[in-house]
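Residue strings, one per chain:
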Amino acid sequence: MQVVTTKPRVLSGIQPSGESMQLGNYLGAVRNWVSMQDGFDAFYCVVDLHAITVEPPAPEELRQRTRIVVAQLLAAGLDPQQCSLFVQSHLAEHPQLSWVLECITGFGEASRMTQFKDKSAKSGVERQGVGLFTYPILMAADILLYQTNFVPVGEDQRQHLELTRNLAQRFNQRYGDTFVVPEPYIPKEAAKILDLQDPSAKMSKSRGDAGTVYLSDDASTISKKIKRAVTDADGEVRYDLQAKPGLSNLMTIHAAFTNSTTEKVEAEFAGGGYGALKSAVADSVIAFAEPFARRTRELLEDPAELDRILALGAAKARTVAAETVRAAYSNVGFLAPASAPTAG
Ligand code: TYM
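This structure is a prediction, so every number in the text was calculated from the model and none was measured.

Colleague: Can you break down the overall build of the protein chain residue by residue, with the values?
Modeller: Looking only at helices and strands, one finds 12 helices and 5 strands in the protein chain. The C-alpha atoms of the protein chain give a radius of gyration of 21 Å, which matches the 20 Å a tight globule of 344 residues would have. Based on the C-alpha atoms only, the size of the protein chain along its principal axes is roughly 85 × 45 × 40 Å. Each of the 344 residues in the protein chain was classed as buried or not, and the buried ones make up 50%. The long-range fraction of contacts in the protein chain, counting pairs at least 24 apart against all pairs at least 6 apart in sequence, stands at 76%. Surface summary for the protein chain: the accessible area is close to 16,200 Å², and the carbon and sulfur share equals 52%. Side-chain charges in the protein chain split into 35 positive and 40 negative, and the spacing between the mean points of these groups amounts to 2 Å.

Okay, structure coming up:
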């Protein structure tokens, strides 16, 4: 199979790190994956290798989480005819390229990654696996393998994208042109959805359930979480991320789910109390989440079909990834393996 296209290439990834993706994953990234699959040559992967870098789940649990996120990506609107949807661990090319990139990454450079610092701060650097440290380098390999032009991600991935660009440029300089230098594709609005209980932090699976809306939450849970969202005491509906992060976050969510803008949301709710806005936000999230959860359940009833979609995606991905590894290994100076002599 050969992938021939003139469209710019897009790649992104998501971890199978829970029972469901959360609102920030969808609004910050996955929504753009869906809209980009049409005009771009799109590759999307579920990054299960990354998912074992912190508190690895039980093996059966990891397999189930991977299927769930695949089903959710399809329920969100990914079309396997239009994009390649695959699981990272199905392609040995990812760790193969990662090793070479690790060898051109400075220890200090990797130490400056804020996500590593944040994640390791809780239990201390000494207690972390080395995989958490090299996580951004595997991510760079994910991207560079596909000669990617654009990477649709949330704001939290900006630094990892900068590292990826640096590694691509360094490799190209040292060994000759091998990789496309990718650009981040970060939405203007919804690039950082905030935790509903602590709007100084981004919404994240690792921050506890009260401030995180999962797309698998039922209507009454979503409603409760949004109505209990931390706002402020001045009572004025006004978009101001600095002074009113909690309220502004709710306005961003509402604008995203109603195809509107925060200016329009402000105009609509100005003069009303926070209660009316919160009810409207809950309704708009539920209107998306209910059919989404139903579709996800249907898709999960046919795991053989999910496996078939992933096999197709992996086959398409492999044609591109294998060629990049071959070129990168050759440019580094690894001896090409000769084919074994036939017996006889
Ligand atoms: P992950 O699984 O943590 O998140 C998946 C995507 O969701 C975005 N995101 C958010 N966007 C807005 N607001 C939030 N609160 C929020 N929380 C998460 C993330 O920015 C991300 O785009 N390192 C990546 C996975 C990865 C990857 C890659 C991404 C591995 N290889 C190659 C792009 C390309 C991550 O942790 O995703």
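Back to the write-up after that little detour.
Colleague: I'd like a rundown of the packing of aromatic side chains, residues and numbers included.
Modeller: To describe a pair of aromatic rings, you give the distance between the ring centres and the angle between the ring planes. For the coordinates displayed, the defined rule picks out 13 aromatic pairs. Taken together, the ring pairs connect Y26, F257, F288 and F292 into an aromatic cluster.

Colleague: Lay out the environment of E268 in plain terms, naming residues and giving numbers.
Modeller: Along the polypeptide, E268 turns up in helix α10 (residues 262–269). Taking the C-alpha atoms as reference, E268 lies 56 Å from A327; in sequence the two are 59 residues apart.

Colleague: How would you explain the pattern of salt bridges if you had to name every residue and give the values?
Modeller: Under the counting rule described, the total for this entry stands at 18 salt bridges. Taking the shortest distance from any N to any O, the salt bridge between E61 and R65 comes out at 3.1 Å. With a gap of 4 residues between them, E61 and R65 both fall in helix α2 (residues 59–76), about one helical turn apart. The salt bridge partner of R207 is D195, with a shortest N-O separation of 3.5 Å. With R207 in the loop between β5 (183–185) and α8 (219–227) and D195 in the loop between β5 and α8, this residue pair connects regions lying 12 residues apart in the sequence.

Colleague: Tell me about the site of the ligand, residues and numbers included.
Modeller: Around the ligand, 27 residues are found, and the nearest of them are Q15, Y135, D142, D156 and I193. Contact distances for the ligand include 2.6 Å between a nitrogen atom and a side-chain N or O atom of D142. For the ligand, whose accessible area on its own is 710 Å², the fraction buried by protein is 96%. Elements with a contribution of two residues or more to the shell around the ligand: β1 (9–14), α1 (23–39) and α6 (130–144).

Colleague: Go over unusual backbone geometry with me, naming the residues and quoting the values.
Modeller: The phi angle at E55 is positive, at roughly 35°, despite the residue not being glycine. Tracing the sequence through the fold places E55 in the loop between β2 (41–46) and α2. Even without being glycine, N259 reaches a positive phi, approximately 50°. In this structure, N259 sits in the loop between α9 (245–257) and α10. The exposure class of N259 is exposed, given its relative accessible area of 74%.

Colleague: Report on the side chain of Q72, specifying residues and quantitative values.
Modeller: Relative to the assigned elements, Q72 resides in helix α2. Side chain to side chain, Q72 and S20 meet in a polar contact 3.1 Å long. Here Q72 is in contact with S20, M21, L215, S216, F292 and T296, once residues within four sequence places are set aside.

Colleague: Quick rundown of the pairing of β1? Include the residues and the values.
Modeller: Of all 6 residues that make up β1, 5 are buried, and the element is covered over most of its length. Here β1 pairs with β2 via 6 bridges, running parallel. Looking across to β2, one finds that L11 is bridged to F43.

Colleague: How would you summarise the pairing of β2 if you had to cite specific residues and measurements?
Modeller: Counting buried positions over the 6 residues of β2 gives 6, a clear majority of the element. Of the two faces of β2, the one carrying D41, F43 and C45 and the one carrying A42, Y44 and V46 are both buried. Here β2 runs beside strand β3 (residues 83–87); their pairing, made up of 5 bridges, is parallel. The residue bridging Y44 from the neighbouring strand is L85, located in β3. In the classification by handedness, the crossover that spans β2, the intervening α2 and the parallel β3 is right-handed.

Parameters and conventions
- Residues numbered from 1 in each chain as written.
- Predicted model: local features only at pLDDT ≥ 70, side-chain atom pairs only at ≥ 80, totals over all residues.
- Heavy atoms only, no water.
- Helix = DSSP H or I, 4+ residues; strand = E, 2+ residues; numbered from the N terminus.
- Rg over C-alpha atoms; globule rule 2.2 N^0.38 Å.
- Buried < 20%, exposed > 50% of the residue type's maximum accessible area, 1.4 Å probe, protein only.
- Contact = heavy atoms within 4.5 Å.
- Areas by Shrake-Rupley, 256 points an atom, 1.4 Å probe, with all protein chains shown as cover.
- Lys, Arg positive; Asp, Glu negative; His and termini not counted.
- Charge placed at Lys NZ, Arg CZ, Asp CG, Glu CD.
- Phe/Tyr/Trp six-rings, centres within 6.5 Å; stacked < 30°, edge-to-face > 60°.
- Salt bridge = Lys/Arg side-chain N within 4 Å of Asp/Glu carboxyl O.
- Near = heavy atom within 4 Å.
- Polar contact = N/O pair within 3.5 Å; in protein donor to acceptor, adjacent residues only side chain to side chain.
- Pairing = 2+ DSSP bridges.
- Right-handed = clockwise from strand over helix to strand, strands pointing away.

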